[in-house]
Amino acid sequence: MHVGHVRGAVVGDALSRLLAFAGWQVTREYYINDGGAQVDVLARSAYERYREAHGLEPEIREGLYPGDYLIPVGAALKARFGDTLLDKGEQFWLSDVREIATDLMMIEIKGDLAALGVQMDVYSSEKSLYGTGQIEAAIKTLRDMDLIYEGTLEPPKGKEPDDWEPRVQTLFRSTAHGDDVDRPVQKSDGSWTYFAPDIAYHFNKVQRGFDELIDIFGADHGGYVKRMKAAVSALSNGRVPLDIKLVNLVKLYKNGEPFKMSKRAGTFVTLRDVVEQAGADVTRFMMLTRKNDVPLDFDFAKVLEQSKDNPVFYVQYANARIGSVMRKSIEAGMDVSDAALAQADLSLLSHPAEIDLMQKIAEWPRLVDIAARGNEPHRVAFYLYELASEFHGLWNRGNDEPSLRFVQAGNTATAAAKVALVRATGVAISAGLAILGVTPVDEMR
RNA sequence: GCACCCGUAGCUCAGCUGGAUAGAGCGCUGCCCUCCGAAGGCAGAGGUCAGGGGUUCGAAUCCCUUCGGGUGCGCCA
């Protein structure tokens with residue numbers, strides 16, 4: 001996985017946690033694109049690496065995947081098949097190589113997700129939809145609604161391909177459900193387009209009885225939003241809403257300098273690179289500091305900085321200070337159980353800065369509600385930063401005004417009220433960090 | 001050509017599905033740091049919310065339109 005995928009994974013995972021926190025029952029699914037021509041390309045690319053493993057010069061032709069990540073796959077193929085695949089025609093090895101390469105890639109991806117702390121409930125394979133009748137069933141359902149027909153599409157205006165020829169294809173009448181043009185589900189040779197298994201997969205979800213579906217796509221797939229929504233709308237008779245979150249690019253920087261990334265040259269930065277350098281917590285938080293449909297800058301140097309410029313650090317620092325206050329209060333012999341703190345007389349906290357912090361804490365339930373309703377986990381990240389900011393602000397006032405310090409001498413009602421405020425801040429921060437999937441720290445080191 | 005996304009302070013971005021003087025961070029300016037953790041703190045300057053219409057008691061937010069940027073557009077997934 002490269003960094004672009006990471007953002008999608010993080011957004012999806014945080015969204016899942018958010019919705020679960022808001023009371024939904026959530027199933028996280030990973031749709032494996034292991035069907036179609038792209039896996040053949042993968043297999044051919046892996047085969048070249050297999051040849052390389054035998055000391056031969058790999059021929060990474062135009063259209064193949066050049067990435068280094070396939071080198072271990074080549075080695076695995078050598079270990080498995082020895083030299084028996086060398087100098088053989090594609091028909092001899094393609095199917096075996098395809099299977100092993102996709103399996104290895106999935107192991108790799110699952111490892112990447114695990115390193116990020118992302119857990120999936122269901123892995124759905126595109127390939128497994130073929131030959132089971134599921135695609136046919138989904139298409140038949142649409143056909144019975146008179147939404148499938150044989151026809152010819154108009155060429156796109158203004159950008160007509162040179163080799164355009166009218167073709168008769170099986171089309172889905174997506175325009176009946178809000179799309180701009182009808183979309184092909186079958187190629188002219190009768191085989192399925194990628195869209196057909198996608199329809200079948202979503203049909204399967206609808207049949208499993210979900211009340212709401214959420215897809216996460218790369219922003220470059222924005223053109224498929226309408227047709228996918230149209231399909232789900234048709235297949236569920238408008239019952240099941242489908243929300244599609246488009247996740248935009250991640251631009252990598254180091255000290256403000258753009259990090260060169262080229263898929264063509266195979267030098268793109270992988271997830272492991274990022275997580276190894278920045279850590280899973282930092283990576284996750286940073287990926288959520290932008291709205292999903294906007295490009296994101298990720299600066300390696302900055303995310304490791306321990307200062308106010310680094311929002312992850314700033315929030316963690318607040319949490320650590322909270323931990324510090326709680327520890328000191330316990331040392332002072334105070335009862336800091338939630339039951340005891342709930343009895344505290346909060347009317348003793350009347351300073352404007354204290355009121356501000358309380359108001360910020362009071363926003364938390366509403367914030368969760370808004371974020372969950374809009375499927376927008378980034379709101380949680382922003383909220384945490386603001387909350388931490390209020391907290392630090394009040395803390396700093398304590399430097400000049402001892403009466404505002406959270407830790408007060410003696411076991412008085414005022415002291416209890418202040419600790420209750422600290423504890424409440426801590427509750428919101430740890431809940432928020434849990435939604436982001438970031439481990440809260442109790443102490444800074 | 002069409003569709004979708006974006007356009008808010010010098011820069012990077014929030015902004016609660018219509019509500020009070022539009023908010024942060026960076027940068028800039030000026031003060032402050034033997035004091036619960038100064039790996040800093042406080043304060044200030046800085047905005048025709050891209051432009052123009054419309055709906056509304058009320059618009060950054062909703063509708064229309066223009067401009068600018070991005071993405072995509074039939075046997076590629």
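> Would you mind going over the overall build of chain A in detail, with residue names and values included?
When its secondary structure is counted, chain A shows 15 helices and 10 strands. By principal-axis analysis of the C-alpha atoms, chain A measures approximately 85 × 55 × 40 Å. Out of the 445 residues belonging to chain A, those deemed buried represent 44%. Considering only residue pairs separated by 6 or more positions, chain A has 71% of its internal contacts joining residues 24 or more positions apart. Surface exposure of chain A reaches about 22,300 Å², of which carbon and sulfur atoms provide 50%. Looking at charge distribution, chain A has the averaged site of its 51 positive side-chain charges lying 2 Å from that of its 63 negative ones.

> Hey, could you go over the sheet that holds strand β3 (residues 148-152) for me, with residue numbers and the actual values?
If you walk across this open sheet you meet the three strands as β3-β4-β5, and the pairing is antiparallel. Only two strands of the sheet have a single neighbouring strand rather than two, namely β3 and β5 (183-186). Adjacent strand axes in the sheet meet at a mean angle of 55° when their direction is disregarded. Bridge count between strand β4 (residues 168-172) and β5: three bridges; the pairing is antiparallel.

> Can you lay out the protein's contact with RNA strand B for me, pointing to particular residues and giving the numbers?
Neighbouring RNA strand B are 53 residues, the closest being Lys187, Tyr224, Trp395, Asn399 and Arg405. Restricting attention to atoms of RNA strand B within 4 Å of the protein, one finds that 57% of them are sugar or phosphate atoms. One of the backbone nitrogen or oxygen atoms of Lys291 is found 3.2 Å away from a phosphate oxygen of RNA strand B. Between RNA strand B and the protein, one listed contact pairs a phosphate oxygen with a side-chain N or O atom of Lys328 at 3.2 Å. Contributions of two or more residues to the surface near RNA strand B are made by α2 (37-53), α11 (311-331), α13 (352-373) and α14 (378-400). The class makeup of the residues in the surface near RNA strand B is 16 nonpolar, 14 polar and 23 charged.

> Break down the nonpolar core for me, citing the residues and quoting the values.
If you look at the biggest cluster of nonpolar residues, it comprises 72 residues, and the most contacted ones within it are Phe285, Phe298, Trp364 and Leu384. If you tally residues by element for this core, the top one is helix α15 (residues 413-436), at 12 residues.

> With reference to specific residues and values, describe α14.
The end-to-end C-alpha separation of α14 is 34 Å, in line with the 33 Å expected for 23 residues at 1.5 Å each. Where α14 is concerned, the buried positions are His378, Val380, Ala381, Tyr383, Leu384, Leu387, Ala388, Phe391, His392, Leu394 and Gly398.

> I'd love a proper account of the sheet that holds strand β10 (residues 296-299), names of residues and values included.
Pairing is mixed in the open sheet, where three strands are placed in the order β9-β8-β10. The open sheet has two free edges, formed respectively by β9 (257-258) and β10, since each of these has just one partner strand. Across four bridges, the pairing between strand β8 (residues 250-254) and β10 is parallel. When the bridges of β10 are listed, Tyr253 appears paired with Asp299. Here helix α9 (residues 280-287) sits on the sheet in contact with β8 and β10, set at roughly 155° to β10.

> Explain the packing of α2 against helix α4 (residues 90-116) to me, using residue names and the numbers behind them.
Contact geometry for α2 and α4: axes closest at 8 Å, N-to-C directions at 100°. Relative to α4, the element α2 is oriented roughly perpendicular. Contacts between α2 and α4 involve Val39, Asp40, Leu42, Ala43, Arg44, Ala46 and Tyr47 from the first element and Glu90, Trp93, Leu94, Val97, Arg98, Ala101, Thr102 and Met105 from the second.

> If you had to explain α15 to someone new, which residues and values would you point to?
With 24 residues, α15 extends 35 Å between its outermost C-alpha atoms, agreeing within 8% with the 34 Å of an ideal straight helix rising 1.5 Å per residue. Count one or two residues on from α15 and you reach Gly437, which has phi positive near 80°.

> So, the domain arrangement of chain A: which residues are in play, and what are the values?
By domain assignment, chain A separates into domain 1 (33-120), domain 2 (126-247) and domain 3 (311-436). Measuring from the centre of the C-alpha atoms in domain 1 to the corresponding centre in domain 2 gives 29 Å.

> Go over the packing of α11 against α15, please, and point to the residues and values.
Two elements in contact, α11 and α15, have axes whose closest approach is 10 Å; the angle formed by their N-to-C orientations is 140°. Between α11 and α15, the crossing angle belongs to the class labelled oblique. Relative to α15, α11 is oriented so that their crossing is left-handed. Residues Val315, Gln316, Ala318, Asn319, Ile322, Val325, Met326 and Ser329 of α11 form the contact with α15, whose participating residues are Val419, Val422, Arg423, Thr425, Gly426, Ile429 and Leu433. Across the contact of α11 with α15, the residue classes tally to nine nonpolar, five polar and one charged.

> Requested: an account of the pattern of salt bridges, with residues and values cited.
Summed over the entire model, instances satisfying the criterion amount to 21 salt bridges. Salt-bridge contacts for Glu48 lead to Arg61; the nearest nitrogen and oxygen are separated by 3.7 Å. Here the residue Glu48 occupies a position in helix α2, and Arg61 occupies one in the loop between α2 and α3 (71-81), the gap between them amounting to 13 residues. With relative accessibility at 42%, the residue Arg61 sits in the partly exposed group. With a closest N to O distance of 3.9 Å, Arg327 and Asp442 form a salt bridge. Residue Arg327 is located in helix α11, and its partner Asp442 is located in the segment after α15; the two are separated by 115 residues in the primary sequence.

> Can you lay out the environment of Asp369 for me, pointing to particular residues and giving the numbers?
Mapped onto the elements of the fold, Asp369 is located in helix α13. C-alpha of Asp369 to C-alpha of Leu18: the two residues are 351 residues apart in sequence and 9.4 Å apart in space.

> Explain the packing of aromatic side chains residue by residue, including any values.
Going through the model one piece at a time under the given rule, you end up with 14 aromatic pairs. Ring plane angle 25° and centroid distance 4.4 Å describe the contact between Tyr31 and Tyr201, whose orientation is recorded as stacked. Note that Tyr31 is positioned in strand β1 (residues 29-32) and Tyr201 in helix α6 (residues 195-207), a separation of 170 residues in sequence. Exposure class is identical for Tyr31 and Tyr201. Each is buried. With 5.8 Å between their ring centres and 80° between their planes, Tyr194 and Tyr224 make a pair best called edge-to-face. Taken together, the positions of Tyr194 in the loop between β5 and α6 and Tyr224 in the loop between β6 (213-218) and α7 (225-235) put the pair 30 residues apart, joining distant regions of the chain. A relative accessible area of 40% places Tyr194 in the partly exposed class. The rings of Phe172, Tyr194, Phe195 and Tyr224 are connected pair by pair, giving a single aromatic cluster. Geometry around Phe195 places Arg227 over its ring, the cationic atom sitting 6.0 Å from the centre.

Rules used throughout
- Residues numbered from 1 in each chain as written.
- Chains lettered and ligands numbered in written order.
- Predicted model: local features only at pLDDT ≥ 70, side-chain atom pairs only at ≥ 80, totals over all residues.
- Heavy atoms only, no water.
- Helix = DSSP H or I, 4+ residues; strand = E, 2+ residues; numbered from the N terminus.
- Buried < 20%, exposed > 50% of the residue type's maximum accessible area, 1.4 Å probe, protein only.
- Contact = heavy atoms within 4.5 Å.
- Areas by Shrake-Rupley, 256 points an atom, 1.4 Å probe, with all protein chains shown as cover.
- Lys, Arg positive; Asp, Glu negative; His and termini not counted.
- Charge placed at Lys NZ, Arg CZ, Asp CG, Glu CD.
- Pairing = 2+ DSSP bridges.
- Axes fitted to C-alpha atoms, helices over the stretch in contact; angles between N-to-C directions.
- Near = heavy atom within 4 Å.
- Polar contact = N/O pair within 3.5 Å; in protein donor to acceptor, adjacent residues only side chain to side chain.
- Nonpolar A, V, L, I, M, F, W, Y, C, P; charged D, E, K, R; others polar.
- Core = buried A, V, L, I, M, F, W, Y, C linked by side-chain atoms within 4.5 Å.
- Expected span 1.5 Å × (residues − 1).
- Parallel < 35°, antiparallel > 145°, perpendicular 65-115°, else oblique.
- Domains from an automatic or database assignment.
- Left-handed = near helix turned anticlockwise from the far one by under 90°.
- Salt bridge = Lys/Arg side-chain N within 4 Å of Asp/Glu carboxyl O.
- Phe/Tyr/Trp six-rings, centres within 6.5 Å; stacked < 30°, edge-to-face > 60°.
- Lys NZ or Arg CZ within 6 Å of the ring centre and 35° of its normal.

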